Structure formats: C-alpha cells, structure tokens
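# Coordinate inspection notes
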Amino acid sequence: MPLLEVDDLHVTYRSSRGPITAVRGVSLRLDAGETLGLAGESGSGKSTMTMALLRLVPPGTQVTGSVMLAGEDVLAMKPGRLRAVRWAQAAVVFQGAQHVLNPVRRISQQIQEAITVHRADSKVADLLEQVGISRRRGAAYPHELSGGQKQRAMIAMALACDPQLLIADEPTTALDVMVQAQVLKLLADLQRDRGLAMIFITHDLSVLSTVADRLAVMYAGRLVETGPAKEMLRGAKHPYSKALAAAFPTIGDPISRLAPSGLAGDPPDPAAVPSGCPFHPRCPIAIEECAAVDVELREIERGWRAACIRV
Amino acid sequence: MVGLILLVLFVTMALTAPLFADRSELQASAGRDNPDLASPSGKFWLGTDEIGRDVFALMVWGARVSLYIGLLATVVAVLVGSVLGLIAGYARGWISRMMLAVDDFFLVLPFIPLAIVLALLLGRSPTVMALVIGGTFWAGGSRLIRAQVLSLRERGYVERATALGASSRHIITRHVLPGVAPLIIANASLIVPGAILAESTLAFLGLGDRFSPSWGKVLEGAQSSGALTLNAWWYYLPPGLCIIGIVLAFTLVGNALERIFDPRLLGR
C-alpha cells in the first residue's frame, strides 16, 4: 500500500469573482521513503495541491477527490481526527521561516508546541541537535537566528512528532546558495535516516536534481508530466517541462549560458483556463488540434507519463 | 510620571480612608451635633455639608467608592470587550457578523439614558453601578481588539499552528491572545477614567447611594443644597478637583502604557 494516494483532487477557492479552481484533477502516489519533486511556475497550483492534502485551505474552499494517507481518507476525516493526523503523520516545512515563527516566542517554545499538541515524547534539544543547531540556541528568539538556522529550526519542528510524510514547500527560497545546499543536504540525510517520504515543492529544477527520486511538473492546476527525476531532468518530454528545465543555464555549458531560454507569456488565469491543452497558447510546438482536445496523462515509458498529444 | 504619582496618592487615600475618618461619619446621624455648612476649621479640615457631615471624611471615603466603581466597571468592560472582540475577530461567517451587529448596537446607544434606566431597574448600590457602566462601556475596546485579531489571524505562525494540528483554543491562547494583550491593557487604563467620569455623571444626576457617596454624589449634594450660591467652596471644590485629578492620572498612565506597548507612537 502506498503511503499517499491522491485521486482526482480538485481544489476550488471561493472568491469575490466567483469560484476559482486552482487544482483540476491531480492524481499521484507516493511510497514510504520516496521523494517526489513538484515543480511548476507560481500559480500553477503546486502549493495549493500539497496544502489541500492536509486540508490546509481557507474556510469555504472546496476540496474534492480522495486523499488516502496511510490508508485513511483525509478528506472524510472529522475535525478532531484531522488535527491528530496533521503533523503527526504529515508535517510541513513552510517557505519563509521568518514568517511562520512567532517573533515573540523562543525557538524551543515553538518546537515544544508541536510536541505538546500531539503529546509526542521527543525532546526539543535532541531535535535541535539533529538539525545542527546547538541546544543552547533554543532559548533564542527567531530574530536572533540566521535565515538558514530558522529554516533548520522549522525542520526540527517538522520532525517533532516523527511524521511519515514531509511536505517541504519551497524550503530553500530566500536562502543563499551555500545555505541552500546545507539545508538540502540536511533534508536528504534526514530522509534517508528516518525513511521519510517527502514532497518537495520548488520552481527551481536544479534543486530537485539532488533530492528527488521522481518529478512531477504542474501547469494550470494539473500534472503535465511525471517520471523518474534523473531522466526527466536530462530530457523532459512535455514542452512545458522542457521550457522549465531550459530556463536554468547549465554550469560549464557556455551555449546554455549565452542563450538561456525563457518562456513567453504568463501562466493562465485560473478563472479562465484555455480550452484543450491549457498550455497550448504558450507552447512552441502547438498544433491546431491542441486547442480542441483535452489531454490526459499518457504513459510514454514505464513510470513516465506526460500530457501532450505531440509526445 | 506625574500621572503615576497622582494615582499612587489617590489609591493610598482610598486604602487608608479608615485612618482619617470612621465610616460612621458618613451616616446622616453623624452630623447631628455639628454645625451645618460650616467653613473649614481645625476640627473640620474641609468644613461640613448641609447636614453637618465632615466633607473631608466624605472626600476620603469617596475615593474608595469612585475607584471601586471605576475599576470594577473597567474589569467588566475589558472582560466582555475582549471576549467578544476575540470571537468577532477569530470566528468567520454569521457569528462574526452577529457579534459586529451587537457591537454596533452598543456603540451607538446613548449612554446616559441607558445607564439611568438600567440603574433604576437594577438598584443603586456601587456594585450595580459598576456593572451597569461596565456593561455599556465595552463596545469600543471590543472593536479595537477585533481589528487586531483580524490581522493576527492571517499571520504565518497561525497558519503553521493550524498545520501543526492545533485547536482553535490553542491558537487563541498561545498566539492571538498574547498578540492583543498589550492592546487590552492599554485600553483598560483608558477605560478607567471614562468609567469614573460616567459614575460621577450618573451620581450627579441623582443616582447612587447617599450614604456611601462617591465624589459625584458629594457634588450632587453640594449642588442640591445650594452650596454654590452660598459660596461654600469647601463643599464642592474638593470632590471636583479629585475627579479631575484621578481622570488625569489614569489618562496619563494609560497614554504612557500605550506608548510603551506601541513604540510607533513615540515619534508623534
């Protein structure tokens, strides 16, 4: 049984302009100990999708489909059970640690919070040491720590209740490259040691090459391609994944540095997604048929699927 | 600083009232053998009132009554205001809208007629007066707290606490309440003078207990006995100055607290 099995997940926000569907039918599965890298532009629905796995959406938001976490449907849980599952089975490492730490409470108090809520029996000092912060620093307030230390503290907090699944929502944005590498290594080590499953959200594909086993690329609220990380980074099939990969120059490759290719246009407005393949207005290889035919994920190789009629 | 000294002075006066004058001196019978409306002398430092009671005794005991009513009314107003403000800010949907409507209702009600009606219905002991004042004074603070809660509710650490599996109670007590606490305290110190003034107003209009008189009640006695036309300044000046003094004291302390808790006001 996979640890996480998502089937046909839809998330619809309520807004003053009417309902807006940010996630339109995502299905995926994740085994214990596996890392899924989730990539996509801002607004592609990747954060919304992962937060909806724990129903961390604004009140009034509609979440449909099914999310089986360790054999239990998260979307059918009663509030009390849901609170118990949050953090104990799936914890979140948020982006921008400085905003999610309460500025007027000590780091150790905030990590303790997770332990207290779930009556877990881990120790704050041990958790801090596991992420490479000396136990004395626990008495510090968030503003006294560096950006990297704050993110480590967040990771320590995520580990407090010994979850099976870690959702890392762009955990390395706003960190400089060296610190970013340290945090990535820390996450990779912890994952290996504890056998954690991890969903790693980013818009930076180069980050995924070091941590992910599998990749999933989202566009306009859907998965457009999913496959093994290494192969996909070398040669993505879907034109959107290709464009995303090509946007990062390869170090030591002068050709890619001189011609970093971007992608023209903006991601579609979730209130008005184009007909057919939602990517067709920006797609370099679009044909007439693309505007008319809605595309599903199709298996192109074993364990590698893409949603494009030209592949 | 001036405010704090004044405040300490008044509180000491209220606490040590029995040292200066016995409570029995407030009774009507206490003044039977004294001259009525006598000017200040060695025996009566601030003269006597129209039934021969020692005005100095009225003043020190009045401090007790005025402070008691002012503080109790504030406690009531702050408790009601904070609880309703927290709920109105944290809840969503119809609960929030209903709270807001109740708040608006109390904000626009004319205070004096309402308080008079309530006091007549419920009785006129100092405790009832305090409850009446507190029960009508909470709306402004509730609105302030709601606004702050609305902003705190959207903070990242509240989102994190939700992801952590924390209950609403946990989030409110650990994250929201500490965030609004400074506001509650500063607001409370500014409600006190308002409540004391309100009490004086109501007493001056004739409500309140003649034999455990607040300063406002003493002023009413002075007014109705014609002390003003008889130029009996020792009768109306002391309670009047006391009211001004205590209101000033609380306002100064309240402003100082607000500046401590919200340093952004320092530049102004």
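So, how was this worked out
- Residues numbered from 1 in each chain as written.
- Chains lettered and ligands numbered in written order.
- Predicted model: local features only at pLDDT ≥ 70, side-chain atom pairs only at ≥ 80, totals over all residues.
- Helix = DSSP H or I, 4+ residues; strand = E, 2+ residues; numbered from the N terminus.
- Rg over C-alpha atoms; globule rule 2.2 N^0.38 Å.
- Buried ≥ 20, exposed ≤ 12 C-beta atoms within 10 Å, placed from the backbone.
- Pairing = 2+ DSSP bridges.
- Contact = placed C-beta atoms within 7 Å.
- Nonpolar A, V, L, I, M, F, W, Y, C, P; charged D, E, K, R; others polar.
- Core = buried A, V, L, I, M, F, W, Y, C linked by C-beta atoms within 7 Å.
- Right-handed = clockwise from strand over helix to strand, strands pointing away.
- Axes fitted to C-alpha atoms, helices over the stretch in contact; angles between N-to-C directions.
- Parallel < 35°, antiparallel > 145°, perpendicular 65-115°, else oblique.
- Left-handed = near helix turned anticlockwise from the far one by under 90°.
- pLDDT = per-residue confidence, 0-100.

## Here we look at the overall build of chain A
- The helix and strand inventory of chain A stands at eleven helices and twelve strands.
- Relative to the compact-globule value of 19 Å for 311 residues, chain A shows a C-alpha radius of gyration of 20 Å, a close match.
- The C-alpha extent of chain A, read off along each of the three principal axes, is 60 × 50 × 40 Å.
- Residues counted as buried form 43% of the 311 residues belonging to chain A.

## A closer look at the sheet that holds strand 1 (residues 4-13) of chain A
- With respect to topology, four strands assemble into an open sheet ordered 2-1-4-5 (chain A), the strand pairing being antiparallel. Among the strands making up the open sheet, the edge pair consists of strand 2 (20-30) and strand 5 (72-73) of chain A.

## A look at the interface of chain A and chain B
- With 20 residues of chain A at the interface, the matching set in chain B holds 15 residues.
- When residues of the side of chain A that touches chain B are traced back to their parent elements, those giving at least two are helix 2 (79-85), helix 3 (97-100) and helix 4 (107-118) of chain A.
- The biggest single contributor to the side of chain A that touches chain B is helix 4 of chain A, with four residues.
- Broken down by class, the residue content of the side of chain A that touches chain B amounts to 13 nonpolar, four polar and three charged.

## Some details on the nonpolar core
- Ranked by internal contacts, the top residues of the largest apolar core, which has 161 residues, are A:Ala156, A:Phe200, A:Val217 and B:Ile133.
- Per element, the largest residue contribution to this core is 16 residues, and it comes from helix 9 (residues 168-204) of chain B.
- Leaving out residues up to four positions away in the same chain, A:Phe200 has contacts with A:Thr35, A:Leu36, A:Gly37, A:Leu38, A:Ala168, A:Leu208, A:Val211 and A:Ala212.

## A short note on the pairing of strand 7 (residues 165-169) of chain A
Residue and element names in this part refer to chain A.
- The buried fraction of strand 7 is high, at five of five residues.
- Going residue by residue along strand 7, you find Leu-165, Ile-167 and Asp-169 tucked away on one face and Leu-166 and Ala-168 tucked away on the opposite face as well.
- One ladder, built from four bridges, connects strand 6 (residues 90-93) with strand 7; its direction is parallel. Bridged to Val-92 within strand 7 is Ile-167.
- When strand 7 meets strand 8 (residues 197-202), the two strands line up parallel, connected through five bridges. Its bridge partner lying in strand 8, Ile-167 is registered against Ile-199.
- Taking the sense of rotation as the criterion, the β-α-β connection linking strand 7, helix 7 (residues 177-194) and strand 8 turns out right-handed.

## Quick look at the sheet that holds strand 8 of chain A
All names here are of chain A.
- The eight strands are arranged 6-7-8-3-9-10-12-11 in an open sheet whose pairing can be described as mixed. At either end of the open sheet lies a strand with only one pairing partner, and these are strand 6 and strand 11 (298-301). The mean angle between the axes of side-by-side strands here comes to 25°, regardless of whether they run parallel or antiparallel.
- Lying on the sheet, helix 6 (residues 147-159) is in contact with strand 6 and strand 7; it crosses strand 6 at an angle near 175°.
- Where helix 10 (residues 239-246) meets the sheet, it contacts strand 3 (35-39), strand 9 (214-219) and strand 10 (222-228), and its direction lies at approximately 105° from that of strand 9.

## Observations regarding unusual backbone geometry
All names here are of chain A.
- Look at Ala-70: it is not a glycine, yet its phi comes out positive at around 50°.
- Structurally, Ala-70 can be placed in the loop between strand 4 (62-69) and strand 5.
- The backbone phi angle of Trp-87 is positive, close to 75°, even though this residue is not glycine.
- Within the secondary structure, Trp-87 sits in the loop between helix 2 and strand 6.
- You can call Trp-87 buried: it has 29 C-beta atoms within 10 Å.

## Brief notes about the packing of helix 7 (residues 139-153) of chain B against helix 9 of chain B
Residues and elements named next belong to chain B.
- In contact at an axis separation of 10 Å, helix 7 and helix 9 are set at 160° when each is read in the N-to-C sense. As summarised for this structure, helix 7 and helix 9 are arranged roughly antiparallel, according to the angle between their axes. Between helix 7 and helix 9 the crossing geometry is right-handed. Residues Gly-141, Leu-144, Ile-145, Gln-148, Val-149, Leu-152 and Arg-153 of helix 7 pack against Val-176, Gly-179, Val-180, Leu-183, Ile-184, Asn-187 and Ile-191 of helix 9.
- Tallied by class, residues from the contact of helix 7 with helix 9 come to nine nonpolar, four polar and one charged.

## Remarks on the environment of B:Gly156
- With respect to the secondary-structure elements, B:Gly156 resides in helix 8 (residues 156-163).
- Not counting the four nearest positions on each side in its chain, B:Gly156 is found in contact with A:Phe94, A:Gly96, A:His99 and A:Val100.

## Topic: the confidence of the model for chain A
- Looking at chain A, the pLDDT average stands at 87 and 95% of residues meet or exceed 70.
- No element of chain A has a lower mean pLDDT than helix 11 (residues 254-258) of chain A, at 63, and none a higher one than strand 1 of chain A, at 94.

## So, the packing of helix 1 (residues 2-15) of chain B against helix 3 (residues 55-90) of chain B
Residues and elements named next belong to chain B.
- Contact geometry for helix 1 and helix 3: axes closest at 7 Å, N-to-C directions at 105°. When the axes of helix 1 and helix 3 are compared, the pair comes out roughly perpendicular. Contact residues: Phe-10, Val-11, Met-13 and Ala-14 in helix 1; Val-60, Ala-63, Arg-64 and Leu-67 in helix 3.
- In the contact of helix 1 with helix 3, the residues fall into seven nonpolar, no polar and one charged.

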